[in-house]
Amino acid sequence: EAQVTQNPRYLITVTGKKLTVTCSQNMNHEYMSWYRQDPGLGLRQIYYSMNVEVTDKGDVPEGYKVSRKEKRNFPLILESPSPNQTSLYFCASSLTPPGQGAEKLFFGSGTQLSVL
Amino acid sequence: AQKVTQAQTEISVVEKEDVTLDCVYETRDTTYYLFWYKQPPSGELVFLIRRNSFDEQNEISGRYSWNFQKSTSSFNFTITASQVVDSAVYFCALSGTYNTDKLIFGTGTRLQVFP
């Protein structure tokens, strides 16, 4: 089954404790992206990747890191989480970037992160 | 600039009523794509439709229909004979050749359908 798998589904942590949210897709997609969802703000892009070893900042990259060493994986790293990073996070992938005609973005099931 | 506006924050209806969710967009692109996603209470994002800027035909899928009007920069979504299972947050989103790397989302409309 074609899917984007995110883990964990829920995560509670404390300020400053490094964490990684994993994302993996099985569709051989070149494009992957991370979004955060906050009430009243919709979804905003954090980082994206056009292909292996090619990553770039989105609209709200501060406090986050990503890597794309393999095509299927695109982990999101919070090296020193803070309470303002409490949010619902989504990983997404598509064969081509959204503005180049991708039929749709496939989204993971989300990670609800709480930073205390 | 590219922007998506969903002015309706929350809508409540009674089952079997028809409801329209509004979406207004701004873009400088001539080629662009519009999307609707549904987010049920379980939290995942469910793809509903994608429309490109050259296709202004209205789309109908069961109880769902979409009205795309370039003249008013709108891509509205109508649910006919709403059901409790339609209760969700609905997001409209935009992508285009100016910013190819992302979807630009509206702030969402929460629809509550009461029995």
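Residues numbered from 1 in each chain as written. Chains lettered and ligands numbered in written order. Predicted model: local features only at pLDDT ≥ 70, side-chain atom pairs only at ≥ 80, totals over all residues. Heavy atoms only, no water.

A. Layout of the overall build of chain A. Counting its regular elements, chain A contains zero helices and eleven strands. Ordering the α and β elements of chain A from the N terminus gives β-β-β-β-β-β-β-β-β-β-β. Oriented by its inertia axes, the alpha-carbon framework of chain A measures out at about 40 × 30 × 25 Å. Contacts in chain A between residues far apart in sequence, at least 24 positions, make up 56% of those at least 6 positions apart. For chain A, the exposed surface amounts to about 5400 Å²; the carbon and sulfur share of it is 51%. Computed over 12 positive and 10 negative side-chain charges, the separation of the two mean positions in chain A equals 6 Å. (Helix = DSSP H or I, 4+ residues; strand = E, 2+ residues; numbered from the N terminus. Contact = heavy atoms within 4.5 Å. Areas by Shrake-Rupley, 256 points an atom, 1.4 Å probe, with all protein chains shown as cover. Lys, Arg positive; Asp, Glu negative; His and termini not counted. Charge placed at Lys NZ, Arg CZ, Asp CG, Glu CD.)

B. Inspection of the pairing of strand 12 (residues 109-114) of chain B at higher detail. Residues and elements named next belong to chain B. Of the two faces of strand 12, the one holding Thr 109, Leu 111 and Val 113 is buried and the one holding Arg 110, Gln 112 and Phe 114 is not buried anywhere. Both strand 10 (residues 88-96) and strand 12 contribute to a ladder of three bridges, which runs antiparallel. Bridge pairing in strand 12 links Val 89 to Arg 110. (Buried < 20%, exposed > 50% of the residue type's maximum accessible area, 1.4 Å probe, protein only. Pairing = 2+ DSSP bridges.)

C. Focus on the interface of chain A and chain B. Listed as interface residues are 25 residues of chain A and, on the opposing side, 21 residues of chain B. Of the roughly 1800 Å² buried between chain A and chain B on both sides combined, carbon and sulfur atoms contribute 55%. On the chain A side of the interface with chain B, the three residues burying the most area are Leu 43, Gly 99 and Phe 107 of chain A, jointly 25% of the side's total. Across the chain A-chain B interface, the total number found is one salt bridge. For Lys 102 of chain B, the salt bridge is made with Asp 59 of chain A, and the minimal N-O distance between the two is 2.6 Å. (Buried area = accessible area lost by both parts, 1.4 Å probe. Salt bridge = Lys/Arg side-chain N within 4 Å of Asp/Glu carboxyl O.)

D. Structural view of the sheet that holds strand 7 (residues 65-66) of chain A. All names here are of chain A. Strand order in the open sheet formed by four strands is 1-3-8-7, and the pairing between neighbours is antiparallel. Because the sheet does not close on itself, it has two edges, and the strands there are strand 1 (4-7) and strand 7. Pairing of strand 1 with strand 3 (residues 19-25) involves four bridges; the strand directions are antiparallel. Residue pairing across strands places Asn 7 opposite Thr 22, the latter belonging to strand 3.

E. The arrangement of the state of the cysteines in detail. What the rule picks out here adds up to two disulfides over all chains. Residue Cys 23 of chain A pairs covalently with Cys 91 of chain A via a disulfide, S to S 1.8 Å. Between Cys 23 of chain A and Cys 91 of chain A the sulfur-sulfur dihedral comes to about -70°; the bridge is accordingly left-handed. Here the residue Cys 23 of chain A occupies a position in strand 3, and Cys 91 of chain A occupies one in strand 9 (residues 87-94), the gap between them amounting to 68 residues. With a relative accessible area of 0%, Cys 91 of chain A lands in the buried category. Note on cysteine connectivity: Cys 23 of chain B is disulfide-linked to Cys 92 of chain B, with sulfurs 2.0 Å apart. Across the S-S bond linking Cys 23 of chain B and Cys 92 of chain B, the dihedral sits near -65°, which makes this disulfide left-handed. You can see Cys 23 of chain B sitting in the loop between strand 3 (19-21) and strand 4 (24-26) and its partner Cys 92 of chain B sitting in strand 10, a full 69 residues away along the chain. (Disulfide = S-S within 2.5 Å.)

F. Local environment of the environment of Asn 51 of chain A. Residue and element names in this part refer to chain A. Inspection of the secondary structure puts Asn 51 in strand 5 (residues 42-51). With relative accessibility at 26%, the residue Asn 51 sits in the partly exposed group. In the structure, Asn 51 is positioned 32 residues away from Leu 19 in sequence and 23 Å away in space, judged by C-alpha atoms. Apart from the residues within four sequence positions on either side, Asn 51 is in contact with Glu 30, Arg 68 and Lys 71.

G. Expanded view of the packing of aromatic side chains. For the coordinates displayed, the defined rule picks out 19 aromatic pairs over all chains. With 6.0 Å between their ring centres and 55° between their planes, Tyr 35 of chain A and Phe 107 of chain A make a pair best called tilted. Residue Tyr 35 of chain A is located in strand 4 (residues 31-38), and its partner Phe 107 of chain A is located in strand 10 (residues 106-107); the two are separated by 72 residues in the primary sequence. Of the residues examined, Tyr 35 of chain A reaches a relative accessible area of 0% and is grouped as buried. Seen from their ring centres, Trp 36 of chain B and Phe 77 of chain B are 5.3 Å apart, and the 50° between their planes marks the pair as tilted. Residue Trp 36 of chain B is found in strand 5 (residues 32-39), and its partner Phe 77 of chain B is found in strand 9 (residues 74-79); the two are separated by 41 residues along the sequence. Note on accessibility: Trp 36 of chain B and Phe 77 of chain B belong to one class, buried. The rings of Tyr 35, Phe 90 and Phe 107 of chain A together with Phe 35, Tyr 37, Phe 47, Phe 91 and Phe 105 of chain B are connected pair by pair, giving a single aromatic cluster. A cation over a ring is seen here: Arg 9 of chain A above Tyr 10 of chain A, with NZ or CZ 5.1 Å from the ring centre. (Phe/Tyr/Trp six-rings, centres within 6.5 Å; stacked < 30°, edge-to-face > 60°. Lys NZ or Arg CZ within 6 Å of the ring centre and 35° of its normal.)

H. How the structure looks around the nonpolar core. Counting residues in hydrophobic clusters, the biggest one holds 25 residues, and the most contacted among them are Trp 36, Trp 66, Phe 77, Tyr 90 and Leu 111 of chain B. Ranked by residue count, the leading element in this core is strand 10 of chain B, at four residues. (Core = buried A, V, L, I, M, F, W, Y, C linked by side-chain atoms within 4.5 Å.)

Fair warning: the whole summary comes from geometry, so function is off the table for now.
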